[in-house]
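Listed below, chain by chain, are the residues.
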Amino acid sequence: MEKRTIAITDTTWRDSHQSLLATRMRIEDMLPIAEKMDAVGFYSMEVWGGATFDTCMRFLNEDPWERLAKIRQALKKTKLQMLLRGQNLVGYQHYADDVVEEFVKKAVAHGMDIFRIFDALNDVRNLAKAMEVAKKEGAHVQAAISYTISPVHDLDYYLNLVGQYRDAGADSLCIKDMAGILKPYAAYELVKEIKKNYDLPVQMHTHYTSGMAAMMYLKAVEAGAEIMDTAISSMALGTSQPATEAMVATLADTPYDTGLNLKLLAEIADYFKEVREKYQDYDVFKAGIDTNVLLYQVPGGMLSNFISQLQQQNALHKLPEVLAEVPRVREDLGYPPLVTPTSQIVGTQAVLNVLTGKRYQRVTNQVKNYLRGLYGATPVPVNEDLRREIIGDEPPITCRPADNLEPQLEKARQEIGPYLQKEEDILSYAIFPQVAKTFLEERYAGKCGVDLNLAKENEAKLGGKVYPI
């Protein structure tokens, strides 16, 4: 058996708390343990991207760019990694190429080393611009497969996709199993065939939701995978990743030994055990294993959204009907993988179908835009009868969706100009106009000693700015 050290990416500062604590962990709870985490010898630490950007401004009153700068300063040896939603960046819709280009450049300038780039539909066109810019800026480009199971997502589909990623310039490949549905022997076959056909490092990402994650990792490693995503044990399992210590111990004294120190990891775990207590109000890890994901492919975050939506309508008893409706909607929409934003598109429509009592009686704007081709090419054609029923004879676009978008940066600069303190603020506003506007106004008011509410009242009365800009 060949000797091959397995590398580990730690997700504690990003996907782990996004999955377990609604992305609420503050930078003040990360930095005190940074020196010890930096000493572990992780391949990388995933620290940014995903929902962290939005949540920093929306809930935590933190500037996501300042957070990244502080993390880079604190982690002197470890590579920083982020999750980028292709043309969606860290948002929920496509942004123009000028926004994508400037965002990636600024992220690299702030110390980002590895960009894991994915698209919810696995449409390579939606990854191309971000991959191109990251590569040009000297960063490592990791293209991610959004893994799902359907009649069309077979081995040939994935091998073809890897070929497209390689041709687009990927430095490595991630198999992104966002729902925790990749079975151990299926992982073995998939990784084995990828390694046989392509000379790309393979990294595994999963969630523990179904209970198969650690077994899947082990089979993927045996098939040739080089890197795995894990979280420190006190922030692992449930809808998070497998526990770092468990995988380190499993591979110790084997040809795949990680070489990581369990004693140091235990000290880090103790720290996060206390930190987690501070976020009990957001802690969704209650049930442990949820095998519904194997039946409906519903990721943990999507399930919690269903519960929230149905509770608001006093209809929680309809959850089984909603879960059964998800695969039907997904089939109608051409079998998209369920990951942001397609998980929200499919999920919300499934809820509406059940609550109204008639399928597609009410249709979201997101579903309409999806059927118009504005999110990209679907894995297989959508239900044509449904498409005609919802958008009529309007032909869906066939080009790369971002080709239809006008440049957005200059407009954003003009709209948010009075509150700009740095160029990154323009990007924050371009991606999240409403959230960033509130954040930037409050930051401005705080630094100027202005009562923002009073200023706005006076502004409305007098028809102009009454505080300095």
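Structure: see above.
Trainee: Outline the packing of aromatic side chains, listing residues and values.
Mentor: Across all of its chains, the model carries 13 aromatic pairs by this definition. Between Phe 53 and Trp 65 the ring centres are 5.7 Å apart and the planes differ by 85°, which places this aromatic pair in the edge-to-face class. Placement of Phe 53 in helix α3 (residues 52-58) and of Trp 65 in helix α4 (residues 64-74) is noted, with a sequence separation of twelve residues between them. With respect to burial, Phe 53 and Trp 65 carry one shared label: buried. Relative to Tyr 375, the ring of Tyr 370 has its centre 6.3 Å away and its plane inclined at 40°; by these criteria the two rings are tilted. There is no split in this pair, since Tyr 370 and Tyr 375 are both buried.

Trainee: Please set out the environment of Gln 81 residue by residue, giving values where relevant.
Mentor: Note on placement: Gln 81 falls in strand β3 (residues 79-84). Under the relative-accessibility criterion, Gln 81 is labelled buried at 0%. Through-space distance from the C-alpha of Gln 81 to that of Arg 116 is 7.2 Å; in sequence the pair is 35 residues apart. Beyond its immediate sequence surroundings of up to four residues, Gln 81 is in contact with Thr 9, Tyr 43, Ser 44, Met 45, Glu 46, Val 47, Trp 48, Met 112, Ile 114, Arg 116, Gln 142 and Gln 203.

Trainee: I'd like a description of helix α11 (residues 262-277), backed by residues and values.
Mentor: The first and last C-alpha atoms of α11 sit 23 Å apart over 16 residues, in line with the 22 Å expected at 1.5 Å per residue. Among the residues of α11, those classed as buried are Leu 264, Leu 265, Ile 268, Ala 269, Phe 272, Val 275 and Arg 276. Projection of α11 onto a plane perpendicular to its axis shows the buried side chains occupying an angular sector of 140°, all on one side. Residues of α11 that are exposed and point more than 90 degrees away from the buried face comprise Lys 263, Asp 270, Lys 273 and Glu 274. Where α11 is buried, its residues contact α1 (12-20), α2 (34-40) and α10 (244-251). With a side-chain oxygen lying 2.7 Å from the backbone nitrogen of Lys 263, the N-terminal cap of α11 falls on Asn 261.

Cut-offs applied
- Residues numbered from 1 in each chain as written.
- Predicted model: local features only at pLDDT ≥ 70, side-chain atom pairs only at ≥ 80, totals over all residues.
- Heavy atoms only, no water.
- Phe/Tyr/Trp six-rings, centres within 6.5 Å; stacked < 30°, edge-to-face > 60°.
- Helix = DSSP H or I, 4+ residues; strand = E, 2+ residues; numbered from the N terminus.
- Buried < 20%, exposed > 50% of the residue type's maximum accessible area, 1.4 Å probe, protein only.
- Contact = heavy atoms within 4.5 Å.
- Expected span 1.5 Å × (residues − 1).
- Arc of directions from axis to C-beta.
- Polar contact = N/O pair within 3.5 Å; in protein donor to acceptor, adjacent residues only side chain to side chain.

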